[in-house]
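# Examination of the molecular architecture
Each chain, letter by letter, is given below.
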Amino acid sequence: DLGVSWQRTATGGRVAERIDFHALAHHGSQVWAAGSPGSNLIHSADGGATWKVYSTGQPLPIHALHFINPRTGWAVGPLGRILRTDDSGQSWRIQRRGGERLAVLGLFATKEGIPVELFAQLCGDRGYLGYAQTVFEESERGPVEIGRAHV
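## Concerning the sheet that holds strand β2 (residues 30–36)
A sheet is described by the order of its strands in space; here four strands give the open sequence β1-β2-β3-β4, paired in antiparallel fashion. Looking at which strands have only one partner, the edges of the open sheet turn out to be β1 (20–27) and β4 (52–55). Adjacent strand axes in the sheet meet at a mean angle of 25 degrees, parallel and antiparallel pairs treated alike.

Laid out in structure tokens, this is it:
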């Protein structure tokens, strides 16, 4: 009903409770969702009535999903990582690996606290791989956790 009402569904071992969802894609009645950590992805072939859990084979977060048809899709994450599936998400292969190791990792309380110039110098000018993650953001009620780094 286009999100007017919601029901809890089984996702195979409660894996959905351990994922911080960032990415969602759909093609017709098929739906895929993933996030952080990126080791698992959930898929529904029937518009969300039932779900299956599939392994992506990698731990980095998934920031976006895109499917061009019900079988073929891509998942992208940090450090230039791109995964591709040709079987509706049941198996994934690395299409682009990007970096294997971080040279610069920054954990910051808010996005305003990220030293963008320093990251640009170290990562852009010198070619190091870098990842900045915000941990807390301020709201009217105080700090709110908005993300976690899984490296």
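## Looking at the pairing of strand β7 (residues 82–85)
Across the two faces of β7 the burial differs, with Leu83 and Thr85 buried and Ile82 and Arg84 not buried at all. Note that strand β6 (residues 73–76) and β7 share four bridges and pair antiparallel. When the bridges of β7 are listed, Val76 appears paired with Ile82. Between β6 and β7, which pair antiparallel one after the other, the connecting turn spans five residues, and Leu79 there sits at a positive phi close to 65 degrees.

## Some words on the packing of aromatic side chains
For the structure shown, the criterion picks out two aromatic pairs. Ring centres of Trp32 and Phe67 lie 3.5 Å apart, and the angle between their planes is 5 degrees; on these two criteria the pair is classed as stacked. Of this pair, Trp32 sits in strand β2 while Phe67 sits in strand β5 (residues 64–67); the two residues are 35 residues apart in sequence, bridging distant segments of the chain. Note on Phe67: relative accessible area 5%, which makes it buried. Aromatic side chains Phe67 and Trp92 sit 6.4 Å apart centroid to centroid with 85 degrees between the ring planes, which places their arrangement in the edge-to-face category. On the criterion of sequence distance, the pair formed by Phe67 in strand β5 and Trp92 in the loop between β7 and β8 (93–96) is long-range, its members being 25 residues apart. Of the two residues, Phe67 and Trp92, neither departs from the other in class, the shared state being buried.

## Quick notes on the nonpolar core
The nonpolar side chains of a soluble globular protein tend to be buried with one another. Of all hydrophobic cores here, the largest spans 12 residues; its members are Ala23, Ala25, Trp32, Ala34, Leu41, Tyr54, Ile62, Leu65, Phe67, Ala75, Leu83 and Trp92. Elements with a contribution of two residues or more to this core: β1, β2 and β5. The residues contacting Ala25, other than those within four sequence positions of it, are Gln30, Val31, Trp32, Leu65, His66 and Phe67.

## Structural notes on the sheet that holds β8
Reading across from one edge, β5-β6-β7-β8 is the order of the four strands in this open sheet, with antiparallel pairing throughout. Of all strands in the sheet, those with a lone pairing partner are β5 and β8, marking the two edges. Averaged over all neighbouring strand pairs, the angle between strand axes comes to 30 degrees, with direction disregarded. Where β7 and β8 come together, three bridges link them in antiparallel fashion. Within β8, the position partnered with Leu83 by the bridge is Ile94.

## With respect to the environment of Gly38
With respect to the helices and strands, Gly38 occurs in the loop between β2 and β3 (40–44). Residues Gly38 and Thr56, spaced 18 residues apart in sequence, show a C-alpha to C-alpha distance of 6.9 Å. Non-local contacts of Gly38, meaning those with residues more than four positions away in its chain, are made with Thr56, Gln58, Pro59, Leu60, Pro61 and Ile62.

The rules we used
Residues numbered from 1 in each chain as written. Predicted model: local features only at pLDDT ≥ 70, side-chain atom pairs only at ≥ 80, totals over all residues. Heavy atoms only, no water. Pairing = 2+ DSSP bridges. Helix = DSSP H or I, 4+ residues; strand = E, 2+ residues; numbered from the N terminus. Axes fitted to C-alpha atoms, helices over the stretch in contact; angles between N-to-C directions. Buried < 20%, exposed > 50% of the residue type's maximum accessible area, 1.4 Å probe, protein only. Phe/Tyr/Trp six-rings, centres within 6.5 Å; stacked < 30°, edge-to-face > 60°. Core = buried A, V, L, I, M, F, W, Y, C linked by side-chain atoms within 4.5 Å. Contact = heavy atoms within 4.5 Å.

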